[in-house]
Amino acid sequence: MKSAFIYSQELGRFDFGHDHPFKPERAIKTHDLCLRYGVLNHPWMEVITPKPIDPEALRSFHEDHYLSLLKEASMGQFSVEMLSHGLGTDDNPILPGIYEWSLTTTGGTTLGADLLASRKADVAFNPLGGFHHARRNHAEGFCYVNDVVIASLDLLRRGLRVAFVDIDAHHCNGVQEAFYDEDRFLLISFHESGETLYPWTGKETEIGEGKGRGFTVNVPLEAGTDDEVYLEAFQGVVPPLLSAFKPDMLIAELGADTLISDPLTHLRLTNNSYQDVVRILRNQCQRILAVGGGGYDVYRTARSWTLAWSILNHVEPQDEFAGVVGGMMFGPEHEVGSLRDRAHPTTGPIKDKALVQARKRVAWIRKHVFPLHGISSPLEQPSRTVQSP
Ligand SMILES: [Zn+2]
């Protein structure tokens with residue numbers, strides 16, 4: 001087995017509440033779409049059901065007191081103190097079973113990390129992973145337990161060098177905080193600027209501290225950023241850093257809340273640049289653990305994750321139901337028949353501002369961070385975008 005799709009229908013059925021934007025069912029839709037498009041039936045692929053992680057492992061990152069409160073919340077109990085730890089808010093409601101659910105979603109990510117570390121797989125994908133906002137003693141941003149941090153700490157303990165590239169629209173504040181002074185963990189986050197989006201952090205000037213200086217890289221992007229602007233910035237930052245850092249494995253947080261239709265964010269990407277980015281990452285690193293992260297347009301998120309899984313496995317989706325009347329439909333009717341979005345460039349002053357700001361931030365990183373990795377030529381222009389097939 002070389003490729004693991006980590007999936008449980010039961011986890012996908014967990015309900016954050018009707019009005020809550022986080023819908024675990026995206027994982028079920030992604031699994032169904034992967035089956036429909038014939039990208040989950042190759043001999044080197046395996047669908048693996050995750051198991052709960054040993055609760056003791058959560059203590060590698062989270063504080064005991066926070067974990068006790070989380071357990072109580074999971075049993076439906078509420079105390080005012082929970083609020084000061086982010087439990088019982090609109091974003092992170094008290095949900096019966098949330099502790100057990102978090103044990104298994106975290107178990108999915110650590111399973112993926114373990115398969116890669118032990119070389120039983122080169123690619124693993126946990127669509128119900130990527131809770132990058134969870135803090136040591138605080139739930140926030142729909143995240144209760146930080147699976148990325150817990151899996152990464154274990155990989156570092158095994159002596160592995162880990163790169164984490166996060167393309168979710170939100171800055172990965174919880175992960176950044178955990179590894180801010182670490183030089184064996186390279187964090188690169190592309191996200192909507194904290195001037196317009198939670199968690200309000202992730203400026204380009206946040207670059208790590210102590211021996212970790214230069215190992216945190218943030219690329220904040222303006223509201224309205226489109227495929228062209230995004231790809232130029234990504235190309236200018238990520239390949240040189242990954243080539244210099246030479247990670248043993250890459251964890252990729254493939255949040256699809258950057259898409260133009262996402263109800264919570266203000267970036268304007270299509271899944272065309274999203275695919276290009278996944279392709280760049282795939283070409284940069286042999287061992288990749290992908291985690292889902294955000295994505296609040298359920299159908300377009302499922303389509304994007306299906307495309308990501310295909311690219312990670314070098315397979316081409318084929319619609320087995322093409323032309324069949326009454327086949328399964330995903331998303332608005334006019335787009336049925338393709339997983340890929342139409343091009344949707346931003347124009348006018350919004351585009352100009354997005355481009356100017358992105359170039360400014362990339363130039364700053366190339367000037368101040370690249371030399372810390374021994375990468376020269378900060379004056380060289382970033383290379384242009386790659387093309388979608
Ligand atoms: Zn997000």
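One can find the structure itself at the top, above this paragraph.
All of these numbers come straight from a predicted model, not from anything done at the bench. (Residues numbered from 1 in each chain as written. Predicted model: local features only at pLDDT ≥ 70, side-chain atom pairs only at ≥ 80, totals over all residues. Heavy atoms only, no water.)

**Structural notes on the sheet that holds strand β2 (residues 45-48)**
Read across the open sheet, the eight strands follow the order β2-β1-β3-β8-β7-β4-β5-β6; overall the sheet is parallel. The sheet is open, and its two edges are formed by β2 and β6 (216-221), each paired on a single side. Between one strand axis and the next, the sheet turns through 15° on average, direction left out of account. Relative to strand β8 (residues 288-291), strand β3 (residues 123-126) runs parallel, the two being bridged by four bridges. When the sheet's bridge partners are listed, asparagine 126 is paired in β8 with valine 291. Contacts between helix α10 (residues 298-312) and the sheet are confined to β1 (3-6), β2, β3 and β8, with β3 contributing the most and set at about 165° to the helix. (Pairing = 2+ DSSP bridges. Helix = DSSP H or I, 4+ residues; strand = E, 2+ residues; numbered from the N terminus. Axes fitted to C-alpha atoms, helices over the stretch in contact; angles between N-to-C directions. Contact = heavy atoms within 4.5 Å.)

**Notes on helix α3 (residues 64-74)**
Listing the buried residues of α3 in full gives Tyr66, Leu67, Leu69, Leu70, Ala73 and Ser74. The buried residues of α3 occupy an angular sector of 160° when the element is viewed end-on, so they sit on one face. In the segment just after α3, glycine 76 is the residue with positive phi, at about 85°. (Buried < 20%, exposed > 50% of the residue type's maximum accessible area, 1.4 Å probe, protein only. Arc of directions from axis to C-beta.)

**Section: the packing of aromatic side chains**
On inspection of all chains with the given rule, the structure shows 20 aromatic pairs. Measuring from ring centre to ring centre gives 5.6 Å for phenylalanine 142 and tyrosine 296, while their planes differ by 80°; the resulting arrangement is edge-to-face. Of this pair, phenylalanine 142 sits in the loop between β3 and α6 (147-157) while tyrosine 296 is found in the loop between β8 and α10, placing the two residues 154 residues apart along the sequence. Judged by its relative accessible area of 9%, phenylalanine 142 falls in the buried class. A centroid spacing of 6.0 Å and a plane angle of 65° characterise the contact between phenylalanine 215 and phenylalanine 245, whose relative ring orientation is edge-to-face. Placement of the pair is phenylalanine 215 in the loop between β5 (185-192) and β6 and phenylalanine 245 in helix α8 (residues 227-245), with a sequence separation of 30 residues. Site record: aromatic cluster; members linked through ring pairs are Phe14, Phe16, Phe22, Trp101, Phe131, Phe142, Tyr144 and Tyr296. (Phe/Tyr/Trp six-rings, centres within 6.5 Å; stacked < 30°, edge-to-face > 60°.)

**Some thoughts on the pattern of salt bridges**
Summed over all chains, the structure comprises 22 salt bridges. Notably, a salt bridge pairs aspartate 122 with lysine 2, separated by 3.4 Å at the nearest N-O pair. In this pair, aspartate 122 sits in the loop between α5 (98-117) and β3 while lysine 2 sits in the segment before β1, placing the two residues 120 residues apart along the sequence. Relative accessible area serves as the criterion here: at 39%, lysine 2 is assigned to the partly exposed category. The salt bridge partner of lysine 211 is aspartate 183, with a shortest N-O separation of 4.0 Å. A residue pair is termed long-range when its members are at least 10 positions apart, and lysine 211 in the loop between β5 and β6 and aspartate 183 in the loop between α7 (173-178) and β5 qualify at 28 residues. The exposure class assigned to aspartate 183 is partly exposed, which follows from its relative accessible area of 27%. Through salt bridges with shared partners, a single ionic network connects Asp114, Asp154, Arg157 and Arg158. (Salt bridge = Lys/Arg side-chain N within 4 Å of Asp/Glu carboxyl O.)

**Re the environment of glutamine 77**
Summarising the element assignment, glutamine 77 is placed in the loop between α3 and α4 (80-83). Given the relative accessible area of 39%, glutamine 77 is considered partly exposed. Residues glutamine 77 and isoleucine 311, 234 residues apart in the sequence, show an inter-C-alpha distance of 44 Å. Once residues within four sequence positions are removed from consideration, glutamine 77 is found in contact with Glu72, Met82 and Ile94.

**Describing the packing of helix α2 (residues 25-36) against α10**
The geometry of α2 relative to α10 is characterised by a closest axis approach of 8 Å and an angle of 50° between their N-to-C directions. Comparing their axes, α10 and α2 come out oblique. For the crossing formed where α2 meets α10, the hand is right-handed. Touching Glu25, Arg26, Lys29, Thr30, Leu33 and Cys34 of α2 are Val298, Tyr299, Thr301, Ala302, Arg303, Trp305, Thr306 and Trp309, all from α10. Its residues assigned to classes, the contact of α2 with α10 comprises seven nonpolar, three polar and four charged. (Parallel < 35°, antiparallel > 145°, perpendicular 65-115°, else oblique. Left-handed = near helix turned anticlockwise from the far one by under 90°. Nonpolar A, V, L, I, M, F, W, Y, C, P; charged D, E, K, R; others polar.)

**Thoughts on the coordination of the zinc ion**
Distances from the zinc ion to its protein donors, Asp168 (OD), Asp168 (OD), His170 (ND1) and Asp257 (OD), fall at 1.9 to 2.8 Å. Coordination at the zinc ion comes from four donor atoms whose angles at the metal span 52 to 159°, giving a geometry best classed as irregular. Within one chain, the residues serving as donors to the zinc ion are arranged as D-x1-H-x86-D. In this pair, aspartate 168 sits in the loop between β4 (162-166) and α7 while aspartate 257 sits in the loop between β7 (249-253) and α9 (271-284), placing the two residues 89 residues apart along the sequence. Here aspartate 257 falls in the buried class, since its relative accessible area comes to 0%. (Donors = N, O, S within 2.8 Å, 3.2 Å for Na, K, Ca; no water. Tetrahedral: all angles 85-135°; square planar, octahedral: opposite > 155°, others 65-115°.)

**Re the nonpolar core**
Considering soluble globular proteins, one finds that nonpolar side chains tend to be buried as a cluster. One finds Tyr144, Phe190 and Phe234 to be the most contacted residues of the largest nonpolar core, which totals 118 residues. With 10 residues, α8 is the largest single contributor of residues to this core. Setting aside its immediate chain neighbours within four residues, phenylalanine 190 contacts Asp166, Ile167, Asp168, Val219, Leu221, Tyr230, Ala233, Phe234, Val237 and Val238. Among the nonpolar cores identified, the runner-up in size contains five residues, and Tyr37, Ala302, Leu307 and Leu339 belong to it. (Core = buried A, V, L, I, M, F, W, Y, C linked by side-chain atoms within 4.5 Å.)

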